[in-house]
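Residue-level structure breakdown
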Amino acid sequence: MPRTKKSYPGVFQTDDGNFGYRFVVTVNGHQKTRKKVKDENGNPFKTRIQAANARAIDIEKTKAGVIDKPKTYPRVTISQVYNDYRKNGTTGKAYTTLLKQDSLWENHVKEKFGRRIISKITAAEINDFLSDLYYKEGYSYGYVESFIKFFYLLYGQAFTRGYISADLHAHMTKSQSSKIHMPNKKVDEDDDIRFFNESQLNTLDEYFKGTNAETAYMLGRYCGLRINECYGLKWDHVDLDNGTIKIDRQMQYQEGLIKLVPVKTRNGVREIFIPDVLVLYLRELKQKIDGLENEAERKQNQTMIVDIDGKQLSSLSLVNCQLNGKIQTNNSLKYHSKKLAGEGLEFKYHWLRHTYGTMMAAMNTPEYLLCSQMGHASSQVTHKYYVAISKPGIDVLRDRLNKL
């Protein structure tokens, strides 16, 4: 005989794919109704049989008049949660991430919510706080988004430490109808993608040629490196024969010292293919360095910095090093930004990265390849370059329209 599917009375499936149960029993002439989608520890029922077993136990308890006392949680303030996170929850966090979190806490969150009991704060209060930051105080949409991550971190920390229930954690961070959320974006909100047009690139090409920032400019222009990745690039990570560079570290100032540290995300570690124009430039630069006769002067001017493994590294090992041996850092671009501004061209190094991404997208580079080249943690970030309006993209569009 064929097997029949087992029935589980009173068990139902929830919208998220988990299960729950309901029942009605009469006890001493009074009806008792129960409906639950989580166990006594706040965990969802993953299978029908889990829900059915819990239902059977709950029915027996209800008939016997056994009442489960609700779990109590300590009255913990937001300050206590954040201090606990800084003491016990920061392992593996990037130095810059912690600096940013401390800044959000000290400059905004602490004064408003620091003394409040975390379980007593409503999502509406936090949503109003975010709206004030965005609409009244004029902070950018991207900056306000960082507060969402910060509050989610606080509630996640509170949940894992047993300070709040699973229901409250889900209510504040997961439920579409109740969770903390961003205010509606302004109609005139500036696009995240800023890029240079062809005329501006020609101006920049001419301006940076022969300057102390030419190498940094070329790396941003032709492979879209982040500024700290650019200045943390070592010569032994450059393969001119195969036309690739390896990115696995970045330069940062930490407690007043220049250090090479890991890139922020796992996807940031990558091998980048570089165009012939950059291969030629780097090969000529390397030949120029190897042909210098003032090696003693270079060594005298070198700076020793801390590498990713904690060992000392000479500035001479970096691609962005002046010919006289002096180290280059992202501060090296400040002079050039001011000078270009004086000439009527606003310049930010990160816009070279945006320009690279936009141009590659306009040339129909497969999205997964561009995501890998740029080291994005998510393809959603890469996708922005495919919807940005750029002249190369418009040229491709016009060409295809003319073929209709």
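Heads up: the structure comes first, above all this text.
In what follows, the accompanying structure is described. (Residues numbered from 1 in each chain as written. Predicted model: local features only at pLDDT ≥ 70, side-chain atom pairs only at ≥ 80, totals over all residues. Heavy atoms only, no water.)

The next point concerns the overall build of the protein chain. The helix and strand tally for the protein chain stands at 16 helices and ten strands. Dimensions of the protein chain, computed from the C-alpha atoms along their principal axes, are close to 100 × 60 × 55 Å. When the 404 residues of the protein chain are sorted by exposure, 42% land in the buried category. A separation of at least 24 residues holds for 63% of the contacts in the protein chain among residues at least 6 apart in sequence. With an accessible surface of roughly 24,100 Å², the protein chain has 50% of that area assigned to carbon and sulfur atoms. One finds the centroid of the 61 positive side-chain charges in the protein chain at a distance of 10 Å from the centroid of its 46 negative side-chain charges. (Helix = DSSP H or I, 4+ residues; strand = E, 2+ residues; numbered from the N terminus. Buried < 20%, exposed > 50% of the residue type's maximum accessible area, 1.4 Å probe, protein only. Contact = heavy atoms within 4.5 Å. Areas by Shrake-Rupley, 256 points an atom, 1.4 Å probe, with all protein chains shown as cover. Lys, Arg positive; Asp, Glu negative; His and termini not counted. Charge placed at Lys NZ, Arg CZ, Asp CG, Glu CD.)

By way of backbone hydrogen bonds, the strands of a sheet pair with one another, either parallel or antiparallel. The three strands are arranged β4-β5-β8 in an open sheet whose pairing can be described as antiparallel. Two strands lie at the open edges of the sheet, namely β4 (238-239) and β8 (270-273), each paired on one side alone. Note that β4 and strand β5 (residues 244-247) share two bridges and pair antiparallel. Along β5, the bridge assignment pairs Asp239 with Thr244. (Pairing = 2+ DSSP bridges.)

Despite not being glycine, Asn28 shows a phi value in the positive range, around 50 degrees. Position of Asn28 among the secondary structure elements: in the loop between β2 (19-27) and β3 (30-36). Overall, Asn28 belongs to the exposed group, its relative accessible area being 73%. In the Ramachandran plot, Asn364 falls in the positive-phi region, its phi being about 65 degrees despite a non-glycine side chain.

For the pair helix α7 (residues 198-208) and helix α8 (residues 214-223), interaxial distance at closest approach is 9 Å and the crossing angle is 150 degrees. One way to sum up the angle between α7 and α8 is to call them roughly antiparallel. Classified by chirality, the crossing of α8 by α7 is left-handed. In contact with Leu201, Leu204, Asp205 and Phe208 of α7, α8 contributes Glu214, Tyr217 and Arg221. Here the contact of α7 with α8 is built from residues that sort into four nonpolar, no polar and three charged. (Axes fitted to C-alpha atoms, helices over the stretch in contact; angles between N-to-C directions. Parallel < 35°, antiparallel > 145°, perpendicular 65-115°, else oblique. Left-handed = near helix turned anticlockwise from the far one by under 90°. Nonpolar A, V, L, I, M, F, W, Y, C, P; charged D, E, K, R; others polar.)

What follows is about the packing of aromatic side chains. Counted under the stated rule, the structure contains 19 aromatic pairs. On the numbers, 5.3 Å between centres and 75 degrees between planes, the contact of Tyr134 with Tyr141 is edge-to-face. Residue Tyr141 is classed as buried on the basis of its relative accessible area, which comes to 14%. Centroid distance Phe208 to Tyr217: 4.6 Å. Interplanar angle 15 degrees. Geometry classified as stacked. Grouping residues by exposure puts Phe208 and Tyr217 together as buried. Here a set of aromatic residues connected by ring pairs shows up, and it is made of Tyr82, Tyr85, Trp105, Phe113, Phe129, Tyr139, Tyr143, Phe147, Phe150 and Phe151. Taking NZ or CZ as reference, Lys286 lies 5.6 Å from the ring centre of Trp235, over its face. (Phe/Tyr/Trp six-rings, centres within 6.5 Å; stacked < 30°, edge-to-face > 60°. Lys NZ or Arg CZ within 6 Å of the ring centre and 35° of its normal.)

Let us now look at the pattern of salt bridges. Summed over the entire model, instances satisfying the criterion amount to 17 salt bridges. Between Lys110 and Glu106 there is a salt bridge whose closest N-O contact spans 3.8 Å. Of the two residues, Lys110 and Glu106 both sit in helix α3 (residues 95-113), four residues apart, roughly one turn of that helix. For Glu106, a relative accessible area of 48% puts it in the partly exposed group. Ionic pairing is found between Asp241 and Arg283, a salt bridge with its closest N-O pair at 3.9 Å. With Asp241 in the loop between β4 and β5 and Arg283 in helix α10 (residues 276-290), this pair connects stretches of sequence that are 42 residues apart. Judged by its relative accessible area of 73%, Asp241 is exposed. The exposure class assigned to Arg283 is partly exposed, which follows from its relative accessible area of 32%. (Salt bridge = Lys/Arg side-chain N within 4 Å of Asp/Glu carboxyl O.)

This brings us to the nonpolar core. Formed by 45 residues in total, the largest nonpolar core has its most connected members in Phe208, Ile245, Leu278, Leu282 and Phe347. Of all the elements in the fold, those that place two or more residues in this core are α7, α8, α9 (227-231), β5, β7 (257-262), α10 and α13 (349-362). When residues no more than four places from it in sequence are discounted, the contact partners of Phe347 are Phe196, Leu204, Phe208, Leu333, Ser337, Leu340 and Leu352. Tyr85, Ala123, Phe129 and Val144 belong to the second-largest nonpolar core, a separate cluster that totals 34 residues. (Core = buried A, V, L, I, M, F, W, Y, C linked by side-chain atoms within 4.5 Å.)

Moving on to α3. The sharpest bend along α3 comes to roughly 45 degrees, located at Trp105. Residues of α3 that are buried: Thr97, Leu98, Gln101, Leu104, Trp105, His108, Val109 and Phe113. Those residues of α3 hidden inside the fold are in contact with α2 (78-88), α4 (123-136) and α5 (141-160). (Bend = angle between axes of the 7 residues up to and from the residue.)

Reading across from one edge, β1-β2-β3 is the order of the three strands in this open sheet, with antiparallel pairing throughout. Sheet topology places β1 (11-13) and β3 at the edges, where each strand pairs with a single neighbour. Taken over all neighbouring pairs, the strand axes of this sheet differ in orientation by 20 degrees on average, direction set aside. Bridge count between β1 and β2: three bridges; the pairing is antiparallel. Bridge assignment links Phe12 to a residue of β2, and that residue is Gly20. Lying over the sheet, helix α1 (residues 48-63) contacts β1, β2 and β3, oriented at roughly 20 degrees with respect to β2.

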